[in-house]
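# Analysis of the macromolecular model
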Amino acid sequence: MRLRTLATGAAFVLVPLTLTVFLLIFLGRIDPAGALDRDPEQEGLEAILTLRMSHVVAENTPKGQAARYFARRAAELSGGRIRVEVFPNGALFSDISELDALRRGDVDLIAPAASNWTDRYIEWQVLDLPFIFRDLDDLNAVLNGPLGTLLKEAPERDGLRTLLFWHSGLKQITTNVRPVLLPEDFRGLVFRRMQSSTIARYLELLGARTVPAPFNQTFPLLEKGMVNSEENTLTNIYSKKFYTVQTDLTLSDHGYLGYPVLVNDAFWRRLSPDDRAILLKALEEAGAYELRLIRELEARALKEMAASGLRIHRLTADERTAWEQAVAPLYDEVAVRMPPPLRAFVEARKPR
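The paragraphs below set out a description of the structure included in this document.

The rules behind each value
- Residues numbered from 1 in each chain as written.
- Predicted model: local features only at pLDDT ≥ 70, side-chain atom pairs only at ≥ 80, totals over all residues.
- Heavy atoms only, no water.
- Helix = DSSP H or I, 4+ residues; strand = E, 2+ residues; numbered from the N terminus.
- Buried < 20%, exposed > 50% of the residue type's maximum accessible area, 1.4 Å probe, protein only.
- Contact = heavy atoms within 4.5 Å.
- Areas by Shrake-Rupley, 256 points an atom, 1.4 Å probe, with all protein chains shown as cover.
- Phe/Tyr/Trp six-rings, centres within 6.5 Å; stacked < 30°, edge-to-face > 60°.
- Axes fitted to C-alpha atoms, helices over the stretch in contact; angles between N-to-C directions.
- Left-handed = near helix turned anticlockwise from the far one by under 90°.
- Nonpolar A, V, L, I, M, F, W, Y, C, P; charged D, E, K, R; others polar.

The helix and strand tally for the protein stands at 14 helices and nine strands. Within the span of the protein, comprising 352 residues, buried residues form 49% of the whole. Within the protein, contacts between residues at least 6 apart in sequence are counted, and of these 75% link residues at least 24 apart. Surface summary for the protein: the accessible area is close to 16900 Å², and the carbon and sulfur share equals 54%.

Written out as structure tokens, the structure reads:
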């Protein structure tokens, strides 16, 4: 009798409770699927945006430090919601494979040397012409104007977007054969070079032979004597210790080494306007930071390399003129491949 009473009492309790739950579900106050799936520990994770950035230089170079600065500023500007994972020293991809990895979506941002892709994006061959820019201020004036727009648009035919250019600085010459001061000093030298037919051509005009190779193979090539010369910025020469297997450095400022920061365009368009604005701001600040570092680190690198016994030479005005005249034919060769605005720029800057 007592069991029947308890069962009857439970039924009276369950009926209104079941009716209440049914009414709440029917009225939309409870989502049974949501109630089952909800995990408070996972809330907010869908808002985190993680990007992978690959580059091939050392962390202590201006580009390496700019990449770290960019990651830090992106996190700060987004309140920690945007995370950039930076992979330096070619840890993910080499400077030869990273562009195709970006196209496939295997990485989100890269900052390759433009010179490795001037045969693919012919507009960028302008950047490889020796002595075409007076200094980095002159370069920035060009990149921030209409000609810079043409250069940034070149990768769009591969579904990529150029966000901006970071700089490594102007290039110098190192060798372990003899001081390089005049065009005839190039004869018999063998240079490691980037994947650029424009660079190959101007070194050929100066009398040298070349070996194309990825950046991270430069030191072993020099150390083993497979090449005896190379061209690079002071900070790369110093950070990668090229100077330890070379005898002479010529301060020529003859060429530009720059890094277009590229993203997959489809990926970029999927981001919210706010996220795109945050990333652009962080990249711009990192680029300005990089320029400050270049000026600071170059002075330190020169001092320490000279102290190591490296012989340092600086081109005179007459020596520079001789170099310019030797490479002048390349300006005509490049100009004919350019769209009209870039062609006019190249022709106007041709050494006379």
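A word on the packing of aromatic side chains. Applying the stated criterion to the full structure yields eleven aromatic pairs. Ring centres 6.5 Å apart and planes at 75° place the aromatic pair Phe70 and Trp166 in the edge-to-face group. Linking Phe70 in helix H3 (residues 62–77) with Trp166 in strand S4 (residues 160–175), this pair joins segments that are 96 residues apart in sequence. Assigned by exposure class, Phe70 and Trp166 land together as buried. Seen from their ring centres, Trp124 and Phe165 are 6.1 Å apart, and the 70° between their planes marks the pair as edge-to-face. One end of the pair, Trp124, is in the loop between strand S3 (109–110) and helix H5 (125–128); the other, Phe165, is in strand S4, and 41 residues separate them in sequence. This pair shows no difference in class: Trp124 is buried, exactly as Phe165 is.

Looking now at the packing of helix H8 (residues 197–205) against helix H13 (residues 317–335). Angle between the axes and distance between the axes: these two values describe a pair of packed helices. Running from N to C, H8 and H13 point in directions that differ by 150°, and their axes come no closer than 8 Å. Remark: the crossing between H8 and H13 carries right-handed chirality. Contact with H8, carried on its side by Thr198, Arg201, Tyr202 and Leu205, involves Ala326, Val327, Leu330, Glu333 and Val334 of H13 and no other residues of that element. By residue class, the composition of the contact of H8 with H13 is six nonpolar, one polar and two charged.

Coordinates in, geometry out; function isn't part of it.
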